[in-house]
Amino acid sequence: MDRQEINRKQKQFIYPAVATYFSEPLPLERGQMQYIWDVEGKRYLDFFGGIVTVGVGHANPRVTGPMKAQIDKLQHTSTLYPHQTAVELAEKIAQITPGRLEKSFFTSSGSEANETAIDSARQHTGNLEIIALRHAYSGRSAMTRSLTGISSWRKVSYQIGIVHAMNPYCYRCPLGKTYPSCEVACAQDIEAVIQSSTSGAIAGMIAEPIQGVGGFITPPREYFKIAFRIVKQYGGDFIADEVQTGWGRTGKKWFGIEHWEVEPDILTAAKSLGNGHPIGLTVATPEVADAYKGPTIATFGGNPVTCVAAKAVIDLIEEDDLRSNCDVVGAYLRERLLELQERHPIIGDVRGMGLMQALELVKDPKTKEPAPEAANAMLEAARENGLLIGKGGMFNNVLRMSPPMNIGKADVDEAFRMLDKSFAAVTGQVLTAS
């Protein structure tokens, strides 16, 4: 099928609520490492990776090879039957996760992983209420929509026992303060919310170390230590939602929460763990996992092909030291994005960690009025110039970049040229030599 036929059938047979990028949606055909091709054969440098999912490159043979071998051996078994691929993956996860995390529960998505985490905290503590953060995104199930703190992603959903605290959004501080003189006052709001909007005894708090859909909002270094202390004071478990930040993407560490020197009681992950193959992970301390009341099953949790893919991804990240690559190349990407900010005043903020970087676009750097129209125009212009990026943020004015974790500085330079050209086109500036 050509582009027109695919898009026509998309409209005819797929739920219209399924969002697509671009004024004319872009049907893709194949990918290889950091590049992807559309059905008309045009090549793009992929700097979004299927929403922070293609962590080690499209169709990487070091992942697809073991998967193909497993398909010919045993493609499926439910959790009713133990399997070597699942226990090997769980053992490896126990070795690399922070603190005392040891026991895994496998599912098919980040939404399921977060649901399992909330159930686990509630059963372990005996409490109901959960603290989430404004601007958070936790998934598309009923519970995880309720955990989400962005109105556009909360449609037709409501779950009791979930309250939202301020998020640590320094660029747009909800308290009008400036870091570090603010003394991280936003973190103290967690205690105020518990005291005013809950029974005073909570099941836990769930938070992304860096908020993904919220626009890669990155907290001050003290934030999570304060949050953890408050959560423990009121009887809760701390849940690190690593669906987007996990597996080395933030640089140096396996998980984003490790940068903040906090050891979670429960950690969730998905996306890059499978490099595009569906998987969700909830890993908890023994006491939390042992408190989960059964019986329970997951038809596709611990699928042999999925587990082989995930183990291959972890091995590849470890063998190629991609955590260091995310740190080094991510720092270089940050430098180049800061160059773009100097050249294009429409860029109000540059933020993120490792190979998880964002540009917040504003109409005026002083007023910080969001520029969602410019963000949409930038997606279109970047695509025209051969670069795929994402967007997000409460106001849809943030450009998100999460390329495969094994890209190099040459890929960053290529992306820089495409972004610079795109900004010049969108803002009407004259492009100068870079």
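Placed above this text is the structure.
Residues numbered from 1 in each chain as written. Predicted model: local features only at pLDDT ≥ 70, side-chain atom pairs only at ≥ 80, totals over all residues. Heavy atoms only, no water.

Draft legend 1. Structural view of the packing of helix α4 (residues 84–96) against helix α10 (residues 304–319). Between α4 and α10, the least distance of the axes is 8 Å, while the angle of their chain directions is 35°. Crossing hand, α4 versus α10: left-handed. Counting all contacts with α4, which are made through Thr 85, Ala 86, Glu 88, Leu 89, Lys 92, Ile 93 and Ile 96, the residues of α10 involved are Pro 304, Cys 307, Val 308, Ala 310, Lys 311, Ile 314, Asp 315 and Glu 318. Of the residues belonging to the contact of α4 with α10, the class tally is nine nonpolar, one polar and five charged. (Axes fitted to C-alpha atoms, helices over the stretch in contact; angles between N-to-C directions. Helix = DSSP H or I, 4+ residues; strand = E, 2+ residues; numbered from the N terminus. Left-handed = near helix turned anticlockwise from the far one by under 90°. Contact = heavy atoms within 4.5 Å. Nonpolar A, V, L, I, M, F, W, Y, C, P; charged D, E, K, R; others polar.)

Draft legend 2. Quick peek at helix α5 (residues 110–125). Over its 16 residues, α5 runs 22 Å from end to end, which matches the ideal 22 Å to within 8%, given 1.5 Å per residue. Of all the positions in α5, only Gly 110, Ser 111, Ala 113, Asn 114, Thr 116, Ala 117, Ile 118, Ser 120, Ala 121 and Arg 122 are classed as buried. Count one or two residues on from α5 and you reach Gly 126, which has phi positive near 80°. (Expected span 1.5 Å × (residues − 1). Buried < 20%, exposed > 50% of the residue type's maximum accessible area, 1.4 Å probe, protein only.)

Draft legend 3. Quick look at the layout of surface pockets. Within this model, the second largest pocket holds a volume of roughly 370 Å³. Taken together, 17 residues line the second largest pocket, and the ones lying closest to its centre are Thr 79, Ala 86, Ser 104, Phe 106 and Gly 301. Elements with a minimum of two residues in the lining of the second largest pocket: α4 and β4 (103–107). Of the residues that constitute the lining of the second largest pocket, the class distribution is nine nonpolar, eight polar and no charged. (1 Å grid on protein atoms, 1.4 Å probe; cavity = no way out; pocket = protein on both sides within 12 Å on 5 of 7 lines; lining within 4 Å. Points joined across faces, edges and corners; volume = space filled by probe spheres on them.)

Draft legend 4. Representation of the nonpolar core in the model. Judged by nonpolar contacts, the single largest core of 68 residues is most densely connected at Trp 247 and Leu 361. If you tally residues by element for this core, the top one is α10, at nine residues. Not counting the four nearest positions on each side in its chain, Trp 247 is found in contact with Ile 93, Ile 96, Trp 254, Phe 255, Ala 269, Ala 270, Ser 272, Leu 273, Leu 281, Ile 314, Ile 317 and Met 405. (Core = buried A, V, L, I, M, F, W, Y, C linked by side-chain atoms within 4.5 Å.)

Draft legend 5. Representation of the environment of Thr 250. Mapped onto the fold, Thr 250 is located in the loop between β8 (237–241) and β9 (266–269). On the accessibility criterion, Thr 250 (3% relative accessible area) is buried. Along the primary structure Thr 250 and Gly 354 are separated by 104 residues, whereas in three dimensions their C-alpha atoms are 4.1 Å apart. When sequence neighbours within four positions are dropped, the list of residues in contact with Thr 250 reads Ile 210, Thr 245, Phe 255, Gly 256, His 259, Met 353, Gly 354 and Met 356. Engagement of the side chain of Thr 250 in a polar contact is seen with the side chain of His 259, the distance being 3.0 Å. (Polar contact = N/O pair within 3.5 Å; in protein donor to acceptor, adjacent residues only side chain to side chain.)

Purely geometric numbers; function is a separate question.
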